[in-house]
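Survey of secondary and tertiary structure
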Amino acid sequence: MKPFSFIHAADLHIGSPFKGISVESAEVAEQLQKSTFSAFDALIKACIDHQVDFLLVAGDVYDGADRSLSAQLHFRDGLKQLADAGVRSFVVHGNHDPLDGRVSTIEWPQEVHNFGKAAETVTVEVDGESVASVSGISFPKKNVEINLAKKLKPGPDHLFQIGLLHCNVGNDTGHDPYAPCELGELQSSGFNYWALGHVHTRTKLSENPWVVYPGNSQGRSIREQGARGCYLVRVDRQSTAEMEFVPLDVVRWHQTSVSILD
């Protein structure tokens, strides 16, 4: 199989209002308000710089169901930039940006595939050769309590199988149990790589197959400390995947101790 590469991102939360955070500096406040937009710009740049074949976005593109027009246009324009560079994009929506939210009439590039409320599998070609299949499904509404992972089925056997899903794996993630599923069922599902979203801390739950949360692209409070970004995944001729974390955040949160003694 022809080698290929992709970037797996999730929880972009473009347009996050950073509620509950007050700063005295107008400059810092402006940087915070723009940070999710800037982190998305960094994601687009990473896709182009690393010459990936496609981008996976695993839900919560926007911060709320009533997504702002500026956030939608910014996301569309970024994916168009990728399309112009020959990079396809595959997108599912999660609990923050379900399909029943307010959506503007926007024309998307042909190279962008937005998954709907029904499970679907799409074949990915690189230089005319089929190399992978992406199976995905979006949240039709915010409170999805059923197991969506069971609805996703792998594509043709000779391809690298990717499951694209916003979900809660297990019971101790610290997040609301939307689209709950168990690690064991993902591992036995026949997929090579589960590209997940929902959990904001990057986590590799399994390596054979890969079951991965890349975390969010921009920390939004002191509770989300350290580098935030995406995973660059390279797949060789034997369908072996290697992963590299790529930071995207423009504001980074740290907690430290400072002595008040002389």
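Preceding this paragraph is the structure being described.
Residues numbered from 1 in each chain as written. Predicted model: local features only at pLDDT ≥ 70, side-chain atom pairs only at ≥ 80, totals over all residues. Heavy atoms only, no water.

Here we take up the sheet that holds strand S2 (residues 54-58). Consider a sheet: its strands pair through backbone hydrogen bonds, and that pairing is either parallel or antiparallel. The mixed open sheet is built from 6 strands, whose spatial order is S4-S3-S2-S1-S13-S14. At either margin of the open sheet sits one strand with a lone partner, and together these are strand S4 (112-114) and strand S14 (241-247). Taking the axes of each pair of neighbouring strands and ignoring which way they run, one obtains an average angle of 20° across the sheet. Direction of pairing for strand S1 (residues 4-9) relative to S2: parallel, over a ladder of 4 bridges. Among the inter-strand pairings, Ala-9 is bridged to a residue of S2, identified as Val-57. (Pairing = 2+ DSSP bridges. Helix = DSSP H or I, 4+ residues; strand = E, 2+ residues; numbered from the N terminus. Axes fitted to C-alpha atoms, helices over the stretch in contact; angles between N-to-C directions.)

Here the focus is the environment of His-50. With respect to the helices and strands, the residue His-50 is situated in the loop between helix H1 (26-49) and S2. According to the relative accessible area criterion, His-50 is partly exposed, its value standing at 31%. Taking the C-alpha atoms as reference, His-50 lies 27 Å from Pro-154; in sequence the two are 104 residues apart. Not counting residues up to four positions away in its chain, the partners in contact with His-50 are Leu-232, Arg-234 and Val-246. (Buried < 20%, exposed > 50% of the residue type's maximum accessible area, 1.4 Å probe, protein only. Contact = heavy atoms within 4.5 Å.)

Ranked by internal contacts, the top residues of the largest apolar core, which has 27 residues, are Phe-6 and Tyr-193. When neighbours within four sequence positions are excluded, Phe-6 is seen to be in contact with Val-52, Phe-54, Leu-56, Phe-160, Ile-162, Tyr-193, Tyr-231, Leu-232, Val-233 and Val-235. Core analysis: the second largest hydrophobic core is formed by 26 residues, Phe-37, Phe-75, Val-91 and Cys-230 among them. (Core = buried A, V, L, I, M, F, W, Y, C linked by side-chain atoms within 4.5 Å.)

Counting buried residues along strand S7 (residues 160-166), 7 of its 7 residues qualify, which places the element largely inside the surrounding structure. Of the strand pairs in this sheet, strand S6 (residues 129-136) and S7 are connected by 5 bridges, and their pairing is parallel. Residue pairing for S7: Gly-136 is matched across the bridge by Leu-164. Relative to strand S10 (residues 193-197), S7 is paired through 5 bridges, and the arrangement is parallel. Bridged to Leu-164 within S10 is Ala-195.

What follows concerns the pattern of salt bridges. All chains considered together, the criterion is met by 7 salt bridges. Across the pair Asp-49 and Lys-45 runs a salt bridge, and its minimum N-O distance is 2.6 Å. With Asp-49 and Lys-45 both in helix H1 and 4 residues apart, this pair spans about one turn of that helix. On the accessibility criterion, Lys-45 (52% relative accessible area) is exposed. The partner of Asp-63 in a salt bridge is Arg-220, with the nearest N and O atoms 2.6 Å apart. Placement of Asp-63 in the loop between S2 and helix H2 (69-84) and of Arg-220 in the loop between strand S12 (210-213) and strand S13 (229-235) is noted, with a sequence separation of 157 residues between them. (Salt bridge = Lys/Arg side-chain N within 4 Å of Asp/Glu carboxyl O.)

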